[in-house]
Every structure is written in C-alpha cells, then in structure tokens.
Amino acid sequence: MSNTSALGGMLIVRYPPNGRLQVPLGTRRGASAAVATSMACKRAPLALHHGASLYTWLFGARALPGRPAPADAGLEHAEEVFAACRDAVGAFDAVALVTRRQEERSGMLALLLRDDEPVAFVKAAPQGSGHGLEVERACLSALSAQRDAPVLVPAPLGGGMTASNIAWTAMQPLPPRPHRPAWRAPVSTVIAWLQEHLRGAVTPQTGTPIHWHPMHGDFAPWNLRRVFRGPMVLFDFEDAGFGPPEADRTYWKVTSAVLRGDRPSSVLDGESRDYWRTVVAARLERAVDPDLDQRLLAAFTP
C-alpha cells in the first residue's frame, strides 16, 4: 500500500503525462532539476527531456501537461525514510518522486528539495526486495573519497534501515542540469579506476573465479553521463560485484551499439560475452524493456 501522509498533501504533475516522474508543483528550478533526472539515451527522448527541463526552469512545474494530483511515494512506511533523511540532510520542503522500472526492485526514488534546490537523492526499498542499496552505499563511500577521479561519483549522505525494515540511502544529487550519455568517455581509464578502488567495497561470492575483478555491473550509457556545462558522472552501483575482467567494457560496447542501432564494432571478449548472455537471458522474463533486452541478447550471441 502506498504511503502519502509523509508528503503532507503535496501536489505533483506526472511527467511525461501519466509517466514515471512526479514533479512537485510550486517549483521552478526544482521542477527543472527533477525533469533532468531522466536517463534517456536516444536522441528524440533526450531532446524532449532537455526541452522540458528548460521549459520548467522558465515557467515552473504547472506548465507541464497533465492534471495536478496528490504525491504518492509508492512505499509503505515512507514517512520513516523521510524522517531519517531529515536527520541526515536537514529539512526539505518538496519531493520529486520517480517510479522504479524494475519489478524486482520495488521501492522509492526521491529527489529532496529545499528552497527550490536539490539537497539529496534518496533510494529506499523493503528488506528482502532484491535491492543492492548497502552495496551501492559502500561503493559510493569508496569512490567519492578518491582524489583525481576520472568521473564524479555522488557521495553518500546517510543511510541504514528503518524500524519497519526499509533500507535507504541518501546521496548527493547530480548537478541540476540536463545530462546525456558520455559517448566519448575514457572508458578504459574509468574501468581501471573502478577495478582498483572497488576492491574493498564489494565482496566476491563463494566460488567466484580468482581472476575476476570488481565491476560496476551496469556500466552503460544510462549510468555514465555528461552533465551540460559540467562534469562526467557515474552512478547506480546496486549491481556492483565481481565479474570477468572485461565485463564492464563489454557491456558498454554492446549497450552503446544497440542503443545506436548498430552491432558492436569489435570482437567481444568470450568470457564476458557468455557472462552477459546468461544475465540478460535471465532478465528477459521480467524485462521492463523486452525489446532492448532481446537486442542485447542477440548481440551477446555469437
């Protein structure tokens, strides 16, 4: 059952109409920052979201199409998470909410706003729901502390477990500007940095081959972004763990090619190809984007 009492009757408008994002009314820069949370990769949706971000910055959330409606956190006991967040980051006066796409990862994604500015991005999920929030928080702690990093990684601001067994993590929000896939990123440099600095943050499972390395686990254009007039950022470490040495690089090659309507231009590492073929095949049964996963599976199949 969804919980709305913690949101104090806050009104939102859904973006796109009836979409995944709940943008709080009465905000301008905050609404623009909320719309900018979109992870779009293809040209048309990317242009639409960038235009909507500018539009809301100029005219506010009320300029978006759609009827005002009460905010819905989509998570029972959300008030406990918000109370914990207030202790961690201070007061906030508005919340933008994002519905998770993955069915197996039920929970809440929220951008906390204070005086029309983002103060934290929050993830929360019931214990036992298949989330990787503790893993992600460990990765953020390890990576955000590194100097001379090739990418910006959000620093954790707080996290833990509420009395109702809701796991949560609050982290620094991204710069409140539109972003796009970092197609020209120094991928090899970033992956080598991850393999070095994630070793203390993730633990290999029993039976993990000794030659496997730490990996991001979802190293794709929707998670490695270039912020407009800003840094390159990497986020979403819930799938971090150990994998074949070339796993992250192989996944980047294939997801980048498929999103552009191509096949990978170079020969794929065999071990990593087999690893991802197994992962994507298992994911197809619950896929939120079966067309994308079907194309990824085809690309991973020799």
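Here the structure is shown first, and the text comes after it.
None of the values given here were measured: they were computed from a predicted structure.

Cut-offs and rules
- Residues numbered from 1 in each chain as written.
- Predicted model: local features only at pLDDT ≥ 70, side-chain atom pairs only at ≥ 80, totals over all residues.
- Heavy atoms only, no water.
- Buried < 20%, exposed > 50% of the residue type's maximum accessible area, 1.4 Å probe, protein only.
- Helix = DSSP H or I, 4+ residues; strand = E, 2+ residues; numbered from the N terminus.
- Pairing = 2+ DSSP bridges.
- Axes fitted to C-alpha atoms, helices over the stretch in contact; angles between N-to-C directions.
- Contact = heavy atoms within 4.5 Å.
- Salt bridge = Lys/Arg side-chain N within 4 Å of Asp/Glu carboxyl O.
- Expected span 1.5 Å × (residues − 1).
- Core = buried A, V, L, I, M, F, W, Y, C linked by side-chain atoms within 4.5 Å.

A.B. asks: Any chance you could explain the pairing of strand 8 (residues 166-171) here in plain terms?
C.D. replies: Remember that side chains alternate between the two faces of the sheet whenever the strand is regular. Counting buried positions along strand 8 gives six out of six residues, so the element sits mostly inside the fold. Neither face of strand 8 is exposed, since I166, W168 and A170 on one face and A167, T169 and M171 on the opposite face are all buried. Note that strand 6 (residues 117-126) and strand 8 share six bridges and pair antiparallel. Residue pairing for strand 8: A124 is matched across the bridge by W168. As paired strands, strand 7 (residues 156-161) and strand 8 are joined by five bridges and run antiparallel to one another. Bridging across to strand 8, M161 finds its partner in A167. Hairpin connection from strand 7 to strand 8: four residues lie between these consecutive antiparallel strands, with N165 at a positive phi of about 60°.

A.B. asks: Even after reading the chapter, I still don't get the sheet that holds strand 11 (residues 224-227), so can you show me in this structure?
C.D. replies: Strands pair in a sheet through their backbones, by hydrogen bonds, and they do so in one of two ways: parallel or antiparallel. The antiparallel open sheet is built from three strands, whose spatial order is 9-11-12. Each edge of the open sheet carries a strand with a single partner, namely strand 9 (179-181) and strand 12 (232-234). Across this sheet, the average inter-strand angle for adjacent strands is 35°, counted without regard to direction. Where strand 11 and strand 12 come together, three bridges link them in antiparallel fashion. Directly across from R226, in strand 12, lies its bridge partner M232. The strands touched by helix 2 (residues 43-59) are strand 9 and strand 11; relative to strand 9, the strand with the most contacts, the crossing angle is about 170°.

A.B. asks: Just to check I follow, could you spell out the pattern of salt bridges for this structure?
C.D. replies: On inspection of all chains with the given rule, the structure shows nine salt bridges. Here K123 and E136 are joined by a salt bridge, their closest N and O atoms 3.1 Å apart. Here K123 is found in strand 6, whereas its partner E136 is found in helix 4 (residues 133-144), with 13 residues between them in sequence. Judged by relative accessible area, K123 falls into the buried class, the value being 6%. Accessibility expressed as a relative area gives 0% for E136, which makes it buried. E238 is paired through a salt bridge with K123; the nearest N and O atoms lie 2.8 Å apart. Of this pair, E238 sits in the loop between strand 12 and strand 13 (241-243) while K123 sits in strand 6, placing them 115 residues apart in sequence. Across the pair, K123 and E238 agree in class, each one buried. Because the salt bridges share partners, they merge into one network encompassing K123, E136, D236 and E238.

A.B. asks: Would you explain the environment of L58 in this entry?
C.D. replies: Along the chain, the position of L58 falls in helix 2. Sequence spacing of L58 and F121 is 63 residues, and the spatial spacing of their C-alpha atoms is 23 Å.

A.B. asks: What should I look at first to understand helix 6 (residues 247-259) in this one?
C.D. replies: Think of an α-helix as 3.6 residues a turn; residues three or four steps apart then line up on the same face. With 13 residues, helix 6 extends 18 Å between its outermost C-alpha atoms, agreeing within 8% with the 18 Å of an ideal straight helix rising 1.5 Å per residue. Listed as buried for helix 6 are A247, D248, R249, T250, Y251, W252, V254, T255, S256, A257, V258 and L259. The elements touched by buried residues of helix 6 are helix 5 (187-197), strand 10 (213-215), strand 11, strand 13, helix 7 (270-283) and helix 8 (290-300). After helix 6 finishes, the residue G261 shows a positive phi value of roughly 80°.

A.B. asks: How do you make sense of the environment of L54 when you look at a structure like this?
C.D. replies: With respect to the helices and strands, the residue L54 is situated in helix 2. Overall, the relative accessible area of 51% leaves L54 in the exposed class.

A.B. asks: For this particular structure, what's the right way to read the nonpolar core?
C.D. replies: Nonpolar side chains tend to gather and get buried jointly when the protein is soluble and globular. Membership of the largest hydrophobic core comes to 69 residues, with the highest contact counts inside it found for V23, M108 and L112. Excluding residues within four positions of it along the chain, M108 makes contact with A73, L75, A78, V81, F82, L97, V122, K123 and A124. Listed in part, the 17 residues of the second largest apolar core include A220, L268, W276 and L292.

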